[in-house]
Amino acid sequence: MFIFVIPQDGAPRAAEFGCKMMLLISLKSEGDKIQILRPRKGASKAAKWAINHIDDVKKYYFNMDLDNIELSYCSKFIWHAFYYGCDIDITGQGLTDHSRATHIYPSDVRDSEDFALIETITRK
């Protein structure tokens, strides 16, 4: 599971700590992990795009057409937010919204050079 912590400028660290505590509670089984990633750039623009377009998603579906926002899934929506919000292809593969027959996998997000790993929380 991947969680993005995108605090607003000047957001108190206590709010981030509270989010981590809620995430820790959500871990069900021993060994479950949550990775907290922070964008290296474009966070505000991507967040704004995501807020403005979340209702455009009509169905959670593994559609391979990157120009289709209505049929989307978690990692594809993250790709959309950065691609449309700040013109960044987080996969580093040179993908565009005209790319076809491809999925954006959670590992594409996790392994992206556009994100920094802040912390890994593991249930013990």
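Just so it is clear, the structure is predicted and the values come from calculations on it, not from any experiment.

Trainee: Looking at this model, I keep getting lost on the packing of aromatic side chains. Mind explaining?
Mentor: Tallied over the entire structure, the rule returns seven aromatic pairs. Taking the centre distance of 5.5 Å and the plane angle of 45° together, the rings of Trp49 and Phe77 count as tilted. Of this pair, Trp49 sits in helix H2 (residues 43–53) while Phe77 sits in helix H3 (residues 74–86); the two residues are 28 residues apart in sequence, bridging distant segments of the chain. In this pair, the class of Trp49 matches that of Phe77, namely buried. With 5.6 Å between their ring centres and 20° between their planes, Trp49 and Tyr84 make a pair best called stacked. You can see Trp49 sitting in helix H2 and its partner Tyr84 sitting in helix H3, a full 35 residues away along the chain. Judged by relative accessible area, which is 29%, Tyr84 ranks as partly exposed. Here the aromatic cluster, defined as three or more aromatic residues joined through ring pairs, consists of Trp49, Phe77, Trp79, Tyr83 and Tyr84.

Trainee: Just checking my understanding: could you explain the nonpolar core for this structure?
Mentor: Burial of nonpolar side chains together is a common tendency in soluble globular proteins. Counting 19 residues, the largest nonpolar core has Trp79, Phe82, Ile90, Ile104 and Phe115 as its most contacted members. If you list the elements that add at least two residues to this core, you get H2 and H3. Here the element with the most residues in this core is H3; it accounts for six residues. When sequence neighbours within four positions are dropped, the list of residues in contact with Trp79 reads Leu66, Asp89, Ile90, Thr91, Leu95, Thr96, Asp97 and Ile104.

Trainee: Teacher, can you tell me more about the side chain of Asp114 here?
Mentor: Structurally, Asp114 can be placed in the loop between helix H4 (106–110) and strand S5 (115–122). Summary of buried charges: Asp114 has no salt-bridge partner, and the nearest side chain of opposite charge, Lys41, is 4.2 Å away. Beyond its immediate stretch of four places on either side in the chain, Asp114 contacts Arg38, Pro39, Arg40, Lys41, Ile88, Asp89 and Ile90.

Trainee: Can you help me understand H2 in this one?
Mentor: Every buried residue of H2 is accounted for by Ala43, Ala46, Trp49 and Ala50. The buried residues of H2 occupy an angular sector of 135° when projected down its axis, which confines them to one face. Projecting away from the buried face of H2 at angles above 90 degrees are the exposed residues Ser44, Lys45, Lys48, Ile51 and Asn52. Among the structural elements, strand S2 (33–39) and H3 are those in contact with the buried residues of H2.

The rules we used
- Residues numbered from 1 in each chain as written.
- Predicted model: local features only at pLDDT ≥ 70, side-chain atom pairs only at ≥ 80, totals over all residues.
- Heavy atoms only, no water.
- Phe/Tyr/Trp six-rings, centres within 6.5 Å; stacked < 30°, edge-to-face > 60°.
- Helix = DSSP H or I, 4+ residues; strand = E, 2+ residues; numbered from the N terminus.
- Buried < 20%, exposed > 50% of the residue type's maximum accessible area, 1.4 Å probe, protein only.
- Core = buried A, V, L, I, M, F, W, Y, C linked by side-chain atoms within 4.5 Å.
- Contact = heavy atoms within 4.5 Å.
- Lys, Arg positive; Asp, Glu negative; His and termini not counted.
- Salt bridge = Lys/Arg side-chain N within 4 Å of Asp/Glu carboxyl O.
- Arc of directions from axis to C-beta.

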